[in-house]
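Architecture and fold: a report
Spelled out, the chains give:
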2 protein chains.
Amino acid sequence: MIKQYLLSPGPTPIPNEVQLAMAATMIHHRTPEFAKVFAEVREGLKELFGAKNDDVLILASSGTGAMEATVSNLFSPGDKVLVVNGGKFGERWLEISKAFGLTPIELKVEWGKAVKVEDVERSLKSHPDIQAVLIQASETSTTVWHPVRELARLTQNGPLLIVDGVTAVGVARVPLGEWGIDALVTGSQKALMLPPGLGFVSFGERAWARVEKAKLPRFYFDLRLERKSQQKGSGAFTPAVSLIFGLRAALRLMRQEGLDRVYARHERMARATRAAATAMGLKLLAPESPSPAATGVYMPEGVNADKLLDFLREKMQITLAEGQDRLKGKAIRIAHVGYMGAFDVLVAIGALEMALKKFGAPVKFGQGVAAAQEVLMEALE
Amino acid sequence: MIKQYLLSPGPTPIPNEVQLAMAATMIHHRTPEFAKVFAEVREGLKELFGAKNDDVLILASSGTGAMEATVSNLFSPGDKVLVVNGGKFGERWLEISKAFGLTPIELKVEWGKAVKVEDVERSLKSHPDIQAVLIQASETSTTVWHPVRELARLTQNGPLLIVDGVTAVGVARVPLGEWGIDALVTGSQKALMLPPGLGFVSFGERAWARVEKAKLPRFYFDLRLERKSQQKGSGAFTPAVSLIFGLRAALRLMRQEGLDRVYARHERMARATRAAATAMGLKLLAPESPSPAATGVYMPEGVNADKLLDFLREKMQITLAEGQDRLKGKAIRIAHVGYMGAFDVLVAIGALEMALKKFGAPVKFGQGVAAAQEVLMEALE
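Because the structure is a prediction, the values reported are computed rather than measured.

1. Section: helix H6 (residues 148–155) of chain A
All names here are of chain A. Turning to H6, its buried residues are Val 148, Leu 151, Ala 152 and Thr 155. Buried residues of H6, viewed axially, fall in a sector of 105°; they line one side. Turning to H6, the residues buried within the fold contact helix H5 (117–126), strand S5 (132–136), strand S8 (160–164) and helix H7 (176–179).

Written out as structure tokens, the structure reads:
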């Protein structure tokens, strides 16, 4: 087995068109030539974020940098925020809030479950001084989709709704403007089919109104500066030029496929993966509210998930993702996000069948694959 | 379905390592720097061809150019040669022989069958003035493997044995020196994992002894010139520099994997593909002496193979190969040659199952895939 298959929820595979775009001649970032590229990607991002009149700002950072930027630009020391914590990335909101001296109220959610809207509502009633709700749209660690659309309705006239959209934007529709999300964040290495290195933030009107009042210190991530500079055609600081070349190519690919078809492809791959896992007798990590970006699957009794993943990576060149923290050794995550298609699902499932057999689990070859094929046939209609 | 899968018997997929090598800065071809690269690839090719003390010459041409070079360097007008014709590439030997004014004796072989050694023996007895036997090791059009090893024994003290190794060299062991093949030819776009553009020829001692006596006209393909020049570190005419950079990378990859493992991988993929086709109830084109490079499969009654291939390519982005001439519309060919592995077989079979279902053929999803998985498990031992 000689070819590498990167089927993790980020980094994800890069299309050739994007690789070639990133290999273009380096140019200076304060030139009309760069401004033209920058204007095009800003337009594409606006559409992707459903940001209407709002900017999507591009940062030279990982997704975590973009998360931090929302906190440092929107709050003052001691501000009370509600953090929905149902996984590793919920925890990250908590860590950032603490690092910046906010007063986070933690709403713990069982791993594998989505937060209940009524639980958020109850927390907000108990703490009427909560300034914002911090949440993931897709909690990558537990492969759960949280009800951000419903939460946006709930917070419409109350606290801000700040959404980590890292495995959501470009995977499913999360229109900031239409739904009334106040801040939406993503990174480059997921649905955007780029290497890691870019973070994206978009604020709605209510959020921008808070930025001037926010007293937290910020310099590199000062979004007022970035907004002013990016409207003029470049970043306030040196932007990651080659990644932005790649971003232009990636957004063109997405437009060419059509955003609705991009979303449908992700939803179909996710459904096919769940159908395959179920047909193989494997238990899903998030059966009730699954993310369209990745599918968490418990391993059968007696199979150590981490050893299985090592085997898949070392002997089969297939990179899937591990279960984290309390799921360590118990579950794996199969990604279907970004530059992946029907046959990546078949490869993931086919390889999983073979690896599980090797680990002594009861497997009937082709059973999971067949269940996936049934779903993937819809793409041929 | 957004990703292209090139599963044809040439061109074949190119590894990233090779793509990157070909993107290196262009250099001049009469420099010590180039001579160093050239010396390394010559060593690697010698091993691959099992050429012992003989040179493998690199031509800027397709495989057909290399075939022509063997004819124009070894024969004189009117020379009688035996051409084994069991497919499109057998026919090509015939066409080249005719174009150069030889007197070819055609030994027709039923498509899908290998030539019988006794039939060659009989032809040689009927025409004791035959100067050479021209044949394919792997007849790509019918996915047949001809018994070149046995034929080399037969011709040891008689006519030359000239072997088109285009889908054979690098796929299976075809050692020129050890077996006593007199001329062996291949192209870059098959097992060598390169784009098209390079042809390769190696002559054994008996062949070189004939070159001076051969009276056919030649200039670009004058192998005496090439031999002299290439021993000194470059081609007689401008060599295809970037392809030779790529060749170095490809040969390094093959050495890293180990030639024996490369051959075992091809043999296993071929066996898995045949097992899958048989499990799907499909008839093999060459059940008795199949090539390890590609598998020909008849389509079920009522399925037009060419329309199915169009559907696979246009709707599923999967490129398999068509049946040629009398097989047109009736058969397809699934390649497993070069930079392909176990999961390319699963993709090919999974996609074929889905496409056949779409065309109304009786298909049970996962049946072919499961048969392939059983065989491919050997790679995990």
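2. Remarks on the interface of chain A and chain B
Chain A puts 26 residues into the contact, and the matching count from chain B is 26 residues. Every element with two or more residues in the side of chain A that touches chain B is listed here: helix H13 (342–358) and helix H14 (367–376) of chain A. Among the elements that line the side of chain A that touches chain B, the one with the most residues is H13 of chain A, at 9 residues.

3. Here we look at the sheet that holds strand S4 (residues 103–108) of chain A
The strands making up a sheet associate through hydrogen bonds between their backbones, and the pairing can be parallel or antiparallel. Residues and elements named next belong to chain A. Read from one edge to the other, the open sheet built from 7 strands follows the order S2-S10-S9-S8-S5-S3-S4, with strand pairing classed as mixed. Only two strands of the sheet have a single neighbouring strand rather than two, namely strand S2 (56–59) and S4. Averaged over all pairs of adjacent strands, the angle between strand axes in this sheet comes to 20°, irrespective of strand direction. Of the strand pairs in this sheet, strand S3 (residues 80–85) and S4 are connected by 6 bridges, and their pairing is parallel.

4. Regarding the relation of the copies chain A and chain B
Here the second copy of the chain follows from the first by a rotation about an axis and a shift along it. Overlay of chain A on chain B (RMSD 0.0 Å): rotation 180°, translation along the axis 0.0 Å. Accordingly, the operation relating the two chain copies is best matched by a two-fold axis. Residue Gly 366 of chain A of chain A places its C-alpha closer to the rotation axis than any other residue of that unit, at 2.1 Å. When the interface residues of chain A are mapped onto chain B, 100% of them are again interface residues, pointing to one common binding face.

5. Points about the domain arrangement of chain A
All names here are of chain A. Each assigned domain of chain A is listed with its residue range as follows: domain 1 (16–256) and domain 2 (258–380). Centre-to-centre, using C-alpha coordinates, domain 1 lies 28 Å away from domain 2. Facing 21 residues of domain 1, the contacting portion of domain 2 comprises 23 residues. Per-class residue counts for the side of domain 1 that touches domain 2 are 9 nonpolar, 8 polar and 4 charged.

6. Concerning the nonpolar core
Counting 264 residues, the largest nonpolar core has Ala 183 of chain A together with Ala 183 of chain B as its most contacted members. In this structure Ala 183 of chain B touches Thr 70, Leu 74, Leu 160, Ile 162, Val 163, Val 201, Phe 203 and Ala 207 of chain B, once residues within four positions along its chain are discounted.

7. Observations concerning the packing of helix H5 (residues 117–126) of chain B against helix H6 (residues 148–155) of chain B
Residues and elements named next belong to chain B. Two elements in contact, H5 and H6, have axes whose closest approach is 10 Å; the angle formed by their N-to-C orientations is 30°. On the basis of their axis angle, the class for H5 and H6 is roughly parallel. Like other packed secondary-structure pairs, H5 and H6 cross with a definite hand, here right-handed. Of the residues in H6, those in contact with Val 117, Val 120 and Glu 121 of H5 are Glu 150, Leu 151 and Leu 154.

8. A look at the sheet that holds strand S3 (residues 80–85) of chain B
Residue and element names in this part refer to chain B. Strand order in the open sheet made by the 7 strands is S2-S10-S9-S8-S5-S3-S4, with mixed pairing throughout. The open sheet has two edge strands, strand S2 (56–59) and strand S4 (103–108), and neither has a second partner. Neighbouring strand axes in the sheet, compared pairwise and without regard to direction, differ in orientation by 20° on average. In this structure, strand S9 (residues 183–187) lies alongside strand S10 (residues 199–203), joined through 5 bridges in antiparallel fashion. Note that in S10 the partner of Val 185 across the bridge is Val 201.

Procedures and definitions
Throughout, a residue's number is its position along its own chain's written sequence, starting from 1. Both sets of labels track the order of writing: A upward for chains, 1 upward for ligands. Thresholds applied to this predicted model are a pLDDT of at least 70 for local features of residues and 80 or more for the giving and counting of side-chain atom pairs; totals over whole chains, interfaces and linings are not thresholded and use all residues. Partly exposed residues are those whose C-beta has more than 12 but fewer than 20 other C-beta atoms within 10 Å; with 20 or more the residue is buried, with 12 or fewer it is exposed, and the C-beta atoms are placed from the backbone. Strands are runs of DSSP state E lasting at least two residues, helices are runs of H or I lasting at least four, and both sets are numbered from the N terminus onward. When we speak of the arc, we mean the arc of directions from the helix axis to the C-beta atoms. Working definition of a contact: two residues with C-beta atoms, positioned from the backbone, lying within 7 Å. Following DSSP output, two strands are said to pair if at least two bridges run between them. To get an axis, a line is fitted to the C-alpha atoms, and for a helix only the part in contact is used. The angle between two axes follows their N-to-C directions and goes from 0 to 180 degrees. Least squares is the method for superposing the copies, and the C-alpha atoms it fits come from residues with pLDDT of at least 70 in both. The split into domains, and so the bounds of each, comes from an automatic or database assignment of domains. Each residue is assigned to one class: nonpolar for Ala, Val, Leu, Ile, Met, Phe, Trp, Tyr, Cys and Pro, charged for Asp, Glu, Lys and Arg, and polar for all the others, Gly among them. For this entry, the nonpolar core is defined as buried Ala, Val, Leu, Ile, Met, Phe, Trp, Tyr and Cys residues connected by C-beta atoms within 7 Å. Orientation categories follow fixed angle ranges, with anything under 35 degrees roughly parallel, anything over 145 roughly antiparallel, 65 to 115 roughly perpendicular, and all other angles oblique. Note on convention: the crossing is left-handed when the near helix lies turned anticlockwise from the far helix by less than a right angle, right-handed when the turn is clockwise.

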